[in-house]
Each structure stands twice: as structure tokens, then as C-alpha cells.
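What follows is the residue order along each chain.
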Amino acid sequence: MLDKCLNPECSEPFLYLHVGRLFRFERQPHSNINAPEPAAVLGRNSWEFFWLCENCASRYTLLMQPDGTIEMVARPTKKTVAPRPQKKRKSA
Ligand SMILES: [Zn+2]
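Predicted, not measured: the structure shown is a model, and the values here were computed from it. (Residues numbered from 1 in each chain as written. Predicted model: local features only at pLDDT ≥ 70, side-chain atom pairs only at ≥ 80, totals over all residues.)

(A) The overall build of the protein chain, seen in detail. Across its full length, the protein chain carries 2 helices and 4 strands. For the protein chain, the N- to C-terminal ordering of α and β elements is β-α-β-α-β-β. Within the protein chain, the fraction of its 92 residues that count as buried is 9%. Considering only intrachain contacts with a sequence separation of at least 6, the fraction spanning at least 24 residues in the protein chain is 50%. (Helix = DSSP H or I, 4+ residues; strand = E, 2+ residues; numbered from the N terminus. Buried ≥ 20, exposed ≤ 12 C-beta atoms within 10 Å, placed from the backbone. Contact = placed C-beta atoms within 7 Å.)

Pasting the structure below:
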């Protein structure tokens, strides 16, 4: 359901379509790939909608995994350079 931002750490409520980013994924039942009636299969495809608020959409995007689960992945940032994790060397 689209009631809030998909980010579990974010509680931004979904209010307007033009705010943030709406993702649409086509969910195809795996067991029906070889169904004898393609038309019936097409009609059964269901769309799922997910929403990220403006703040989260600027940092994350959504990907559908081969198993059908939706994964929130960090977008590559162009503006800000992510600080490199510095390995602490032991000064022996
Ligand atoms: Zn959010």
C-alpha cells in the first residue's frame, strides 16, 4: 500500500503524486511463464506501486530482484563525494 515512504527509516506520508518519486513494477507470477494462454497471463499481470519521498528518492532508487522482491539501493551521488572509509593502520 502506498501510505508512506518505502524507506523503513522514514515516516514521510504519501500525500501527492508529484512529490518524491513513484516506482511501478510489473509482477509476473513465475509459475505462469509457460501458461498455455498468453492473453490470460497478460491480463493477470499486476502492477505494484512504491513511493519514495523527495528526500529518499534523491538518495535511493528501487530495483526489483529476480525473485520479485523490491530492494532499496543507494543511488550513485554525483554532487557529493562520499568520504572514503579510511583504514586505520596500526603504527607498530
Ligand atoms: Zn522517505
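Structure shown, so let's carry the discussion forward.
(B) Inspection of the nonpolar core at higher detail. Of all hydrophobic cores here, the largest spans 7 residues; its members are C5, L6, W51, L52, C53, C56 and A57. Looking at this core, the elements that each hand over two or more residues are strand 2 (46–52) and helix 2 (54–57). Once residues within four sequence positions are removed from consideration, C53 is found in contact with C5, C10, E12 and G20. (Core = buried A, V, L, I, M, F, W, Y, C linked by C-beta atoms within 7 Å.)

(C) Expanded view of the pairing of strand 3 (residues 60–64). Here strand 3 runs beside strand 4 (residues 70–74); their pairing, made up of 5 bridges, is antiparallel. For Y60, the partnering residue across the bridge sits in strand 4 and is A74. Remark: 5 residues form the turn of the hairpin made by strand 3 and strand 4, two consecutive strands paired antiparallel; G68 in that turn has positive phi of roughly 95°. (Pairing = 2+ DSSP bridges.)

(D) The arrangement of the environment of W47 in detail. Of note, W47 is situated in strand 2. The exposure class of W47 is exposed, given the 8 C-beta atoms found within 10 Å. Along the chain, W47 and F23 lie 24 residues apart, while their C-alpha atoms are 10.0 Å from each other.

(E) Representation of the environment of T61. If you trace the backbone, T61 turns up in strand 3. For T61, the contacting residues outside a window of four places in its chain are V73 and R75.

(F) Fine view of the confidence of the model for the protein chain. With 72% of its residues at a pLDDT of 70 or more, the protein chain shows a mean pLDDT of 81. At the level of individual helices and strands, the protein chain shows its lowest average pLDDT in helix 1 (residues 38–44), which scores 55, and its highest in helix 2, which scores 96. (pLDDT = per-residue confidence, 0-100.)

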